[in-house]
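Coordinate inspection notes
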Amino acid sequence: MAKPRVAFFDFSSCEGCQLTVSNCEDELLALVSHIDIVNFREIMTERSDEYDIAFIEGSCTRESEIPRLQKIRETAKVVVALGACATIGGINCLKNFHELEWVRQEVYGDKAHYFPTFEARPIDQVIKVDYYLHGCPIDRTEFLSLVKSVLMGAAFRPADYPVCVQCRMKENVCLYTQGKVCLGPIARAGCGAICPEFGDSCEACRGTVSSPNLPYMIAVLHEHGLSYEEARKMTGMFLGYRKFQDQIQQAENASLVD
Ligand code: SF4
Ligand code: SF4
Ligand code: SF4
């Protein structure tokens, strides 16, 4: 039986998620005994436009990327959003907080007219996505487990409980008791709470759980000394896409009223 053909594509991203895949040295040989990688710019020069499974890294930040995404969707039987830029918009959405013309000028100066741009968005705002692999960057073990699910045609369900659960299981001392703040209560787990484990705040690089208690989160951040503007900045690092920011605005309004 022919092996499924797998292609990797990058849109607006740092390519760190593809790098994580290419760093799976110990597993790559086993992997290629099950799949044919036909397109992966970071590790090979050959490329093919015929593939069954497409891994898409990066968010959509330009109108010209829409037809390219649509073409991939038409070709692939399965589309996987790879990493925070693709799944939730990621740090590219930071630009959505500014006038886009100003952003272009800041980045490209007098060459700005060569680089049209629009509001950064996750790829499921443009095409249908079958599987999501969260994280900035993705976790290699989770990537391998997702590949297994895709090959078996099985569901792959990202964790839908907060980072706090993994953090408490590791018996980390909560950052809130150390005068810091953290988005762990609303952030989607799966990373093993790696940031709080090393003393850094979780900034929800995996997005939020499906029913985040945002009013409570905003109120807690506020109680711990953050102004609403600072809370918005903190949540904006990874949750900058409109969908999240609208929810956060509503939560902020609710917290202001209470
Ligand atoms: S999710 Fe993070 S590591 Fe992956 S491409 Fe985007 S910025 Fe880079
Ligand atoms: S440090 Fe963050 S993730 Fe850990 S328990 Fe406290 S709030 Fe939750
Ligand atoms: S702790 Fe939060 S920011 Fe850090 S990797 Fe996990 S989800 Fe991402």
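Everything here concerns the structure above.
Right, let's walk through the structure included here. Throughout this document, residue positions are counted from 1 along each chain, in the order its sequence is written. Whichever chain is written first is A, and whichever ligand is written first is 1; the rest continue in order. Thresholds applied to this predicted model are a pLDDT of at least 70 for local features of residues and 80 or more for the giving and counting of side-chain atom pairs; totals over whole chains, interfaces and linings are not thresholded and use all residues. As a convention, hydrogens and water are excluded, and side-chain values are obtained from all of the structure's heavy atoms.

1. A few points about the overall build of the protein chain
Test applied: Runs of E in the DSSP output that reach at least two residues are strands. Runs of H or I that reach at least four are helices, and both are numbered from the N terminus. The globule rule used here is 2.2 Å times the number of residues to the 0.38 power, and the radius of gyration it is set against is calculated over C-alpha atoms. Exposed residues in this analysis have more than 50% of their type's maximum accessible area, buried residues have under 20%, and partly exposed residues fall in between, with area computed by a 1.4 Å probe over protein chains only. Here, two residues are considered to be in contact whenever any of their heavy atoms come within 4.5 Å of each other. Note on areas: Shrake-Rupley, 1.4 Å probe, and residue coverage restricted to the protein chains presented here. Under the convention used here, Asp and Glu are negative, Lys and Arg are positive, and both His and the chain ends fall outside the count. A single reference atom marks each charge: NZ on Lys, CZ on Arg, CG on Asp, CD on Glu.
Helices and strands together make up the secondary structure of the protein chain, namely 11 helices and 5 strands. Here the C-alpha atoms of the protein chain give a radius of gyration of 19 Å, agreeing with the 18 Å that 2.2 N^0.38 yields for 258 residues. Each principal axis of the C-alpha atoms in the protein chain carries an extent, and together these give about 60 × 50 × 25 Å. Classification of the 258 residues of the protein chain by burial places 48% in the buried group. Considering only intrachain contacts with a sequence separation of at least 6, the fraction spanning at least 24 residues in the protein chain is 73%. If you sum the accessible surface of the protein chain, you get close to 13400 Å²; carbon and sulfur atoms cover 54% of it. Across the protein chain, the centroid of the 26 positively charged side chains sits 4 Å from that of the 35 negatively charged ones.

2. What to know about the sheet that holds strand β2 (residues 36-39)
Note the cut-off: Strand pairing requires that DSSP identify at least two bridges connecting the strands. Simply put, an axis is a line fit to the C-alpha atoms, just over the touching stretch for a helix, and the angle between two N-to-C directions goes from 0 to 180 degrees.
Judged by pairing direction, the sheet is parallel, and its 5 strands sit side by side in the order β2-β1-β3-β4-β5 without closing on themselves. Two strands lie at the open edges of the sheet, namely β2 and β5 (131-133), each paired on one side alone. Taken over all neighbouring pairs, the strand axes of this sheet differ in orientation by 25 degrees on average, direction set aside. Both strand β3 (residues 53-57) and strand β4 (residues 78-82) contribute to a ladder of 5 bridges, which runs parallel. From the neighbouring strand, Glu57 faces β4, where its bridge partner is Leu82. Along the sheet, helix α6 (residues 140-152) contacts β1 (5-10), β3, β4 and β5; its crossing angle with β5, the most-contacted strand, is approximately 170 degrees.

3. Observations regarding the pattern of salt bridges
Keep this limit in mind: By salt bridge we mean one thing: a side-chain nitrogen of Lys or Arg within 4 Å of a carboxyl oxygen of Asp or Glu.
By the definition in use, this model includes 19 salt bridges. Notably, a salt bridge pairs Asp36 with Lys3, separated by 3.7 Å at the nearest N-O pair. On the criterion of sequence distance, the pair formed by Asp36 in strand β2 and Lys3 in the segment before β1 is long-range, its members being 33 residues apart. A relative accessible area of 32% places Asp36 in the partly exposed class. Among the ionic pairs, Arg47 bridges to Asp49, the shortest N-O distance being 2.8 Å. Under the relative-accessibility criterion, Arg47 is labelled exposed at 58%. Within the structure, one salt-bridge network assembled from shared partners comprises Arg5, Glu50, Asp52 and Lys77.

4. Topic: unusual backbone geometry
If a residue is not glycine, its phi is most likely negative; likewise, a peptide bond is most likely trans. Cis geometry marks the peptide bond from Cys136 to Pro137, where omega comes out at 0 degrees. The residue Pro137 is located in the loop between β5 and α6 in this model. If you check the backbone angles, Glu15 has positive phi at about 70 degrees while not being a glycine. Mapping Glu15 onto the fold places it in the loop between β1 and α1 (16-22). With relative accessibility at 21%, the residue Glu15 sits in the partly exposed group. In the Ramachandran plot, Ala193 falls in the positive-phi region, its phi being about 55 degrees despite a non-glycine side chain. Here Ala193 lies in the loop between α7 (163-169) and α8 (194-197).

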